[in-house]
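Okay, here's what each chain looks like letter by letter:
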Amino acid sequence: MKLHRSILKTSGTLGVNFSFAFQPIVDVRTREINSFEALIRGPHGEPASCVLSKLLHEDVSAFHQSHTQTVMELANRLNISRKVNINLSADALYHVDLNIMGTFRSSLLGVFPVENIVFEVTESEDLTGQKVLLRNLKLLQDFGFQTAIDDFGAGYSGLKLLMEYQPNYVKLDRHLVSNIHNDKVKQVIFWGVRQMCERLSIDIVAEGIENRDEYLWLEQAGIDLFQGYYFAKPAFESLPVIGNRCFSQAS
C-alpha cells in the first residue's frame, strides 16, 4: 500500500523533507507481528543519514516532535494496531520534558494506545554520563510509553546503563548475533545477557537476523522476538510482506 506524496513532512521551518519505512519485529512463538519499527527515510526512500545530515544541532528537538507526529499519522493511515517503535537520539532525549510529553500523550488518547509506542535509544550513546537523560528515560515510562535499548552490546555502557535504568526491551546488536551459531564466544556472552534480562523482566529482541541458521540457534536458545532481513526488509511508506514464515499482519 503506497501513500500519497502529501504524507511527506517538512520539519517545521527547517526545510527537511522526510518520511518513514516500516520493518516488523515478529514474535515467533505467537506467529504474530509484535511491533513495527519506523525508520527515517528521505522523500524518495533515501537512508536516514541523508535526512539527519541536514539538521543543525539546535533543530533536533523540533525535528523529533515533528517526526514522532508523522509516525503516528502514517501508523493510523496504514491501520497499524501493533506497537510502533520510534528512534530517539540522545539529543532529542535531552529535550524531553513534562509539557511536551503531556501534550503528546493527550493527543494520542482515543487514537493510538500510549503503551503501544516504544521509544528506542542507542546503547552506544553516552546516556549514563548525563543524569538528565536517565531521568527523561524514566519520565517516558512514567507517562506510560515503553522503552528499548537499541544496539545492546555495541557500546561500552550497556551494563552500567542497566544498573541505573531498566527498559522494557533490549535489542541485541547485529554484531553479537551475526554467525552466533558458529561462535562460542558470542554464545557465552549471549547466555549472560539472556539470564540478566530474564531476571530483570526485560524482553530481548534479536535484530539484524539475516539467515536461517542465526534464527534457529536463537529460537532454540529461547528468543521469541526477531527483526531482520530474514523476515522482511523495511518497506517505504507501507507495510512489508513477511517472508519465510506466516504471520498475522497489522490489523
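Fair warning: this is a prediction, and the values are worked out from it, not measured in the lab. (Residues numbered from 1 in each chain as written. Predicted model: local features only at pLDDT ≥ 70, side-chain atom pairs only at ≥ 80, totals over all residues. Heavy atoms only, no water.)

A.B. asks: Lay out helix α9 (residues 212-220) with the relevant residues and their values.
C.D. replies: Of all the positions in α9, only Glu214, Tyr215, Trp217 and Leu218 are classed as buried. End-on view of α9: buried residues confined to an arc of 165°, all on one side of the axis. The secondary structure elements touched by the buried residues of α9 are α7 (174-177), α8 (184-199), β8 (203-207) and β9 (225-227). Looking one or two residues beyond α9, the residue adopting positive phi is Gly222, at roughly 105°. (Buried < 20%, exposed > 50% of the residue type's maximum accessible area, 1.4 Å probe, protein only. Helix = DSSP H or I, 4+ residues; strand = E, 2+ residues; numbered from the N terminus. Arc of directions from axis to C-beta. Contact = heavy atoms within 4.5 Å.)

A.B. asks: I'd like to hear about the pattern of salt bridges, residue by residue, with values.
C.D. replies: All told, the structure shown has nine salt bridges when counted by the stated rule. For Glu210, the salt bridge goes to Arg174, with nearest N and O atoms at 3.3 Å. Placement of the pair is Glu210 in the loop between β8 and α9 and Arg174 in helix α7, with a sequence separation of 36 residues. Between Arg174 and Glu214 there is a salt bridge, with the nearest N and O atoms lying 2.9 Å from each other. With a gap of 40 residues between them, Arg174 in helix α7 and Glu214 in helix α9 connect regions that are remote in the sequence. Residues joined in a network through salt bridges with shared partners are Glu37, Glu120, Lys171 and Glu207. (Salt bridge = Lys/Arg side-chain N within 4 Å of Asp/Glu carboxyl O.)

A.B. asks: Lay out the confidence of the model for the protein in plain terms, naming residues and giving numbers.
C.D. replies: Averaged over all residues, the pLDDT of the protein is 82; the fraction at 70 or higher stands at 78%. Of the regions scoring below 50 in pLDDT, residues 1-13 engages in 41 contacts with residues more than four places distant in sequence or in other chains. (pLDDT = per-residue confidence, 0-100.)

A.B. asks: Tell me about the packing of aromatic side chains, and please be specific about residues and values.
C.D. replies: On inspection of all chains with the given rule, the structure shows ten aromatic pairs. The interplanar angle of 90° and the centroid separation of 5.5 Å between the aromatic rings of Tyr215 and Phe231 together place this pair among those described as edge-to-face. Of this pair, Tyr215 sits in helix α9 while Phe231 is found in the loop between β9 and β10 (235-236), placing the two residues 16 residues apart along the sequence. On the basis of relative accessibility, which here comes to 2%, the residue Phe231 falls in the buried class. Counting every residue linked through ring pairs, the aromatic cluster contains Tyr215, Phe226, Tyr230 and Phe231. (Phe/Tyr/Trp six-rings, centres within 6.5 Å; stacked < 30°, edge-to-face > 60°.)

A.B. asks: Which residues make up helix α5 (residues 131-142), and what values do they have?
C.D. replies: Given 3.6 residues to a turn, an α-helix orients residues that are three or four positions apart in the same direction. Taking 1.5 Å per residue, twelve residues should reach 16 Å; α5 reaches 16 Å between its end C-alpha atoms and fits that length. The complete set of buried residues in α5 reads Leu133, Leu134, Asn136, Leu137, Leu139 and Leu140. Phi turns positive one or two residues past the end of α5, at Gly144, with a value near 100°. (Expected span 1.5 Å × (residues − 1).)

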